[in-house]
Amino acid sequence: MKEELNKYEAKMDKTIVTLKEDFNTIRAGRANPHVLDKLTVDYYGTQTPIAQVGNITVPEARMLQIQPWDSSLIKGIEKSINESDIGINPSNDGKVIRLIFPDLTEERRKELTKEIKKKGENAKVAIRNIRREAIDAFKKMEKGNEITEDELSNAEVDVQKLTDRFVEDIDKQIDTKSKEILSV
């Protein structure tokens, strides 16, 4: 039974990891290489993450510099950045691409905090779906006489405690990221 519970806890952990990755891709005014994590470029017929085709550096607080190993990729990287939802226009000198992050306006900060809350709510929904899945599995085990009614009751309590812990963690992450956005 503990093994089953651990399986669902691992699923909830994956949800938190995904949420953190999503939060890393949100542009917070400072140059952060993680905003490029989900962007890919066509590299000899294969969609490849930008981080795998060149060096990404932060020469200044509000600038990212991408230096592809193969200079023929510059146009493709620029195209990928322009088609993304980052909202920054790249500039290149034929060897490197520079992304200059503008100061966030108050309106943009509010949009970003709404986006953060939306991603957080989606993560909470995922956690609750895992809770429902776990409880259903334990009920099936009880119907199949694998566990007793008392064990089912204890399992439901344990799953709820697990859910509450992860939802609380998500709330803390939302608060932290929102404060980061508003303080930049």
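Heads up: the structure comes first, above all this text.
Since this is a predicted model, take the numbers as computed values, not measurements.

**Student:** So what's going on with the overall build of the protein chain? Residues and values would help.
**Tutor:** The helix and strand tally for the protein chain stands at four helices and six strands. Ordering the α and β elements of the protein chain from the N terminus gives α-β-β-β-β-α-β-β-α-α. Computed over C-alpha atoms, the radius of gyration of the protein chain comes to 22 Å, more than 25% over the 16 Å expected from 2.2 N^0.38 for 184 residues, which places it beyond the range of a compact globule. Burial status across the protein chain gives 38% buried among its 184 residues. In the protein chain, the proportion of contacts linking residues at least 24 apart, taken out of those at least 6 apart, comes to 64%.

**Student:** Describe the sheet that holds strand E6 (residues 97-100), and please don't skip the residues or the numbers.
**Tutor:** Reading across the sheet, the four strands line up as E3-E4-E6-E5 and stay open at both edges, with antiparallel pairing between neighbours. Since the sheet does not close on itself, it has two edges, and those belong to strand E3 (54-60) and strand E5 (91-92), each with one partner. With five bridges connecting them, E3 and strand E4 (residues 63-68) associate as antiparallel partners. Along E4, the bridge assignment pairs Asn55 with Gln67. Lying over the sheet, helix H2 (residues 74-83) contacts E4, E5 and E6, oriented at roughly 20° with respect to E6.

**Student:** Tell me about the environment of Asp136, and name the residues and values.
**Tutor:** Relative to the elements of secondary structure, Asp136 occurs in helix H3 (residues 106-143). Counting along the chain gives 20 residues from Asp136 to Glu156, while the straight-line C-alpha distance between them is 9.6 Å.

**Student:** Lay out the packing of H3 against helix H4 (residues 149-183) with the relevant residues and their values.
**Tutor:** In a packed pair of helices, the relevant descriptors are the angle between the two axes and the axis-to-axis distance. Contact geometry for H3 and H4: axes closest at 10 Å, N-to-C directions at 170°. Overall, the two elements H3 and H4 adopt an arrangement that is roughly antiparallel. Partitioning the contact of H3 with H4 into residue classes produces 16 nonpolar, six polar and 11 charged.

**Student:** Hey, could you go over helix H1 (residues 2-24) for me, with residue numbers and the actual values?
**Tutor:** Along an α-helix, residues three or four positions apart point the same way, because every turn accommodates 3.6 residues. In a regular helix each residue adds 1.5 Å, so 23 residues correspond to 33 Å; H1 covers 33 Å between its end C-alpha atoms and thus fits that length. Listed as buried for H1 are Leu5, Tyr8, Met12, Thr15, Ile16, Leu19, Asp22 and Phe23. Buried positions along H1 lie against H3 and H4.

**Student:** For the packing of H1 against H4, give the residues involved together with the corresponding values.
**Tutor:** Relative to each other, H1 and H4 sit at 10°, their axes nearing to 11 Å. With respect to their mutual orientation, H1 and H4 come out roughly parallel. For the pair formed by H1 and H4, the contact residues are Leu5, Glu9, Met12, Asp13, Ile16, Leu19, Lys20 and Phe23 on the first element and Asp158, Val159, Leu162, Thr163, Arg165, Phe166, Asp169, Ile170, Gln173, Ile174 and Lys177 on the second. For the contact of H1 with H4, the residue count by class is 10 nonpolar, two polar and seven charged.

**Student:** Quick one: what's the story with the layout of surface pockets, residue by residue and with numbers?
**Tutor:** Computed from the structure, the largest pocket encloses a volume of approximately 280 Å³. In terms of lining residues, the largest pocket is bounded by 14 residues, among which Thr25, Ile26, Asp85, Ile86 and Glu115 are the most central. Tallying contributions element by element places H3 first for the lining of the largest pocket, with four residues.

**Student:** Provide a residue-level description of H2, including the pertinent values.
**Tutor:** Every buried residue of H2 is listed here: Ile74, Ile77, Glu78, Ser80 and Ile81. Viewed end-on, H2 has its buried residues packed into an arc of 160°, placing them on one side of the element. In this structure, H2 carries Lys75, Lys79 and Glu83 as exposed residues pointing more than 90 degrees from its buried face. As for H2, its buried residues are in contact with strand E1 (40-43), E4, E5 and E6.

Conventions we followed
- Starting from 1, residues in each chain are numbered consecutively following that chain's sequence as written.
- Local features in this predicted model are restricted to residues of pLDDT 70 or higher, and side-chain atom pairs are both shown and tallied only at a pLDDT of 80 or more, whereas totals for entire chains, interfaces and linings draw on every residue.
- Computation of side-chain values: all heavy atoms of the structure, hydrogens and water removed.
- Strands are runs of DSSP state E lasting at least 2 residues, helices are runs of H or I lasting at least 4, and numbering of each runs from the N terminus.
- For the radius of gyration, the atom set is restricted to C-alpha positions; the globular benchmark scales as 2.2 Å times the number of residues to the power 0.38.
- Relative accessible area decides the class of each residue, using a 1.4 Å probe on protein chains only: under 20% of the type maximum gives buried, over 50% gives exposed, and in between gives partly exposed.
- Contact criterion: two residues are considered in contact whenever any of their non-hydrogen atoms come within 4.5 Å of each other.
- If DSSP finds at least two bridges between two strands, the strands pair.
- A fitted line through C-alpha atoms represents every axis, and for helices the fit uses only the stretch in contact; the resulting angles, taken between N-to-C directions, go from 0 to 180 degrees.
- Note that the term roughly parallel is reserved for angles under 35 degrees, roughly antiparallel for angles over 145, roughly perpendicular for angles of 65 to 115, and oblique for everything else.
- Residue classes follow a fixed rule: Ala, Val, Leu, Ile, Met, Phe, Trp, Tyr, Cys and Pro count as nonpolar, while Asp, Glu, Lys and Arg count as charged, and any other residue, Gly among them, counts as polar.
- For a helix, the expected span equals 1.5 Å multiplied by the number of residues minus one.
- Cavity means a closed set of points on a 1 Å grid over the protein atoms alone, one where a 1.4 Å probe fits but cannot get out, pocket means an open set with protein on both sides within 12 Å along at least 5 of 7 lines, and lining means a residue has an atom within 4 Å of a point.
- Grid points are joined across faces, edges and corners, and a volume is the space filled by probe spheres set on the points.
- Starting at the helix axis, one direction is taken to each C-beta atom, and the arc is that of these directions.

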